[in-house]
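# Structure assessment
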Amino acid sequence: MARPFKKPQDKQAVRRPVSDEAAAQEPAQRLHKLLAMAGLGSRRDMEKLIESGRVMVNGVVAQLGAGVTKYDEIKVDNRPIRLSFTPELPQVLIYHKPDDEIVSADDPEGRASVFDKLPRIKDAKWIAIGRLDMNTSGLLIFTTSGELANRFMHPRYEVEREYAVRVFGELTDEQIDMLKQGIELEDGPAAFDSIVAQGGEGANHWYQVILREGRNREVRRLFEAFQMPVSRLMRVRFGPVTLPSRVKRGGMLKLDTKQVTGLMEWAGLEVPKAPPRQLNQREKDKVTTVFTPKVRKRRGGVLEHQPKERTVDGQTVEHKTGERKTSERKTDENRKQGSRTRTTTGEKRKPAKNRRIRG
């Protein structure tokens, strides 16, 4: 028996608490922050998304700076979005970045990016703690906590960065003292907190350096000030996190609950009191196992996808261009060109060997 036709309602039911008193006690959180935590983009991108009028709260277009609770219904492009209001322990990944990869989610040139290898997560977004140049390898940390990332990267905290550097040439004792005291660069004075010679072969020498800021190409520019180009640069430590020797180049390791809790305490951040999510056996094995991530198809942010046009009756409008793919057009052209060539020459195709020819 067919189901009777049900007339669609003009307004959808809004989730509301049992009483207004419970709604008043529920603390509101910024909408753009929650959208960013859901993995839809950065906070700045979410502000642009709200300003464009594509986000709705309880059937009303959201305004920039609006606060929402778990009882509100959020939609982006008329699609319901599930937001997480309860703070959970963030996730942290350690990645041994190889050369020839950029630390950027958006690259107009389409180069290989470290974000192409990150595992997918629900209701969150990966944040790179610090950046490494395309030609710099070593420790790269990812987390889902913006506060933890800020504790690592903000200049006022002066978190140590340790690098292994190979240069063409050898520093004198006077030059080492100058690098410790500080020299003037284009964007201001810079210095190493520590620099220790690690030996070398021939004209190449290794040095272990430590500094407390992360300006663009700062380590390379300090050595280039003495006409010593850097041939290899590798970050081995960032704050309390050291690159494990078992994580080889291109490998990735997910920190367990105890390690993440230690990072939160080091950063002076409040550890969520909610019990951690129960992991299945496969997830438990992956936490303590070094794995090589697979490159996945790059997906653009929500701002790159324009909303679909809808008619009055709610149907999606499909645009028919009538154009075929370039590869299909080229295939047809090659077929036509091949047939013209055979017709012009008048040559017959030779029969295959061991094939019976009828008289």
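I will try to describe carefully the structure that is included in this document. (Residues numbered from 1 in each chain as written. Predicted model: local features only at pLDDT ≥ 70, side-chain atom pairs only at ≥ 80, totals over all residues. Heavy atoms only, no water.)

### Comments concerning the pairing of strand S10 (residues 161-168)
Alignment of S10 against strand S14 (residues 204-211), held across 8 bridges, turns out to be antiparallel. Residue pairing in the sheet places Ala164 in a bridge with Gln208 of S14. Here S10 pairs with strand S15 (residues 230-238) via 7 bridges, running antiparallel. Bridge pairing links Arg161 to Phe238 in S15. (Pairing = 2+ DSSP bridges. Helix = DSSP H or I, 4+ residues; strand = E, 2+ residues; numbered from the N terminus.)

### Considering the pattern of salt bridges
Should the charged atoms of two oppositely charged side chains come close, the side chains can pair. Enumeration according to the criterion identifies 13 salt bridges in this entry. For the salt bridge of Glu160 with Arg212, the shortest nitrogen-to-oxygen distance reads 3.0 Å. A residue pair is termed long-range when its members are at least 10 positions apart, and Glu160 in the loop between helix H4 (146-153) and S10 and Arg212 in the loop between S14 and helix H6 (218-224) qualify at 52 residues. Its relative accessible area of 24% is what places Glu160 among the partly exposed residues. Taking the relative accessible area as the measure of exposure, Arg212 reaches 32% and is therefore partly exposed. As a salt-bridge pair, Asp187 and Arg221 come within 3.0 Å of each other at their nearest N and O atoms. Taken together, the residues Asp187 in the loop between strand S11 (183-185) and strand S12 (188-190) and Arg221 in helix H6 connect sequence positions 34 residues apart. Here the salt bridges share partners, and the residues they tie into one network are Glu160, Glu162, Asp193, Arg212 and Arg237. (Salt bridge = Lys/Arg side-chain N within 4 Å of Asp/Glu carboxyl O. Buried < 20%, exposed > 50% of the residue type's maximum accessible area, 1.4 Å probe, protein only.)

### So, the nonpolar core
Within the largest apolar cluster, 34 residues are counted, with the highest numbers of intra-cluster contacts made by Phe142, Val165, Phe192, Ile195, Val209, Val219 and Phe223. Elements supplying a minimum of two residues to this core: strand S7 (92-97), strand S9 (137-143), S10, helix H5 (173-181), S11, S14, H6 and S15. Ignoring anything within four residues of it in the chain, the contact list for Phe142 reads Gln91, Val92, Leu93, Tyr95, Val114, Phe115, Leu118, Trp126, Ile127 and Ala128. (Core = buried A, V, L, I, M, F, W, Y, C linked by side-chain atoms within 4.5 Å. Contact = heavy atoms within 4.5 Å.)

### Some points on the packing of H4 against helix H7 (residues 257-266)
The N-to-C vectors of H4 and H7 enclose an angle of 60°; their axes lie 10 Å apart at closest approach. Accordingly, the angle class assigned to the pair H4 and H7 is oblique. With respect to the hand of their crossing, H4 and H7 are arranged in left-handed fashion. For the pair H4 and H7, the contacting residues are Leu148, Arg151 and Phe152 in the first and Leu263, Met264 and Trp266 in the second. Of the residues contributing to the contact of H4 with H7, the split by class is 5 nonpolar, no polar and 1 charged. (Axes fitted to C-alpha atoms, helices over the stretch in contact; angles between N-to-C directions. Parallel < 35°, antiparallel > 145°, perpendicular 65-115°, else oblique. Left-handed = near helix turned anticlockwise from the far one by under 90°. Nonpolar A, V, L, I, M, F, W, Y, C, P; charged D, E, K, R; others polar.)

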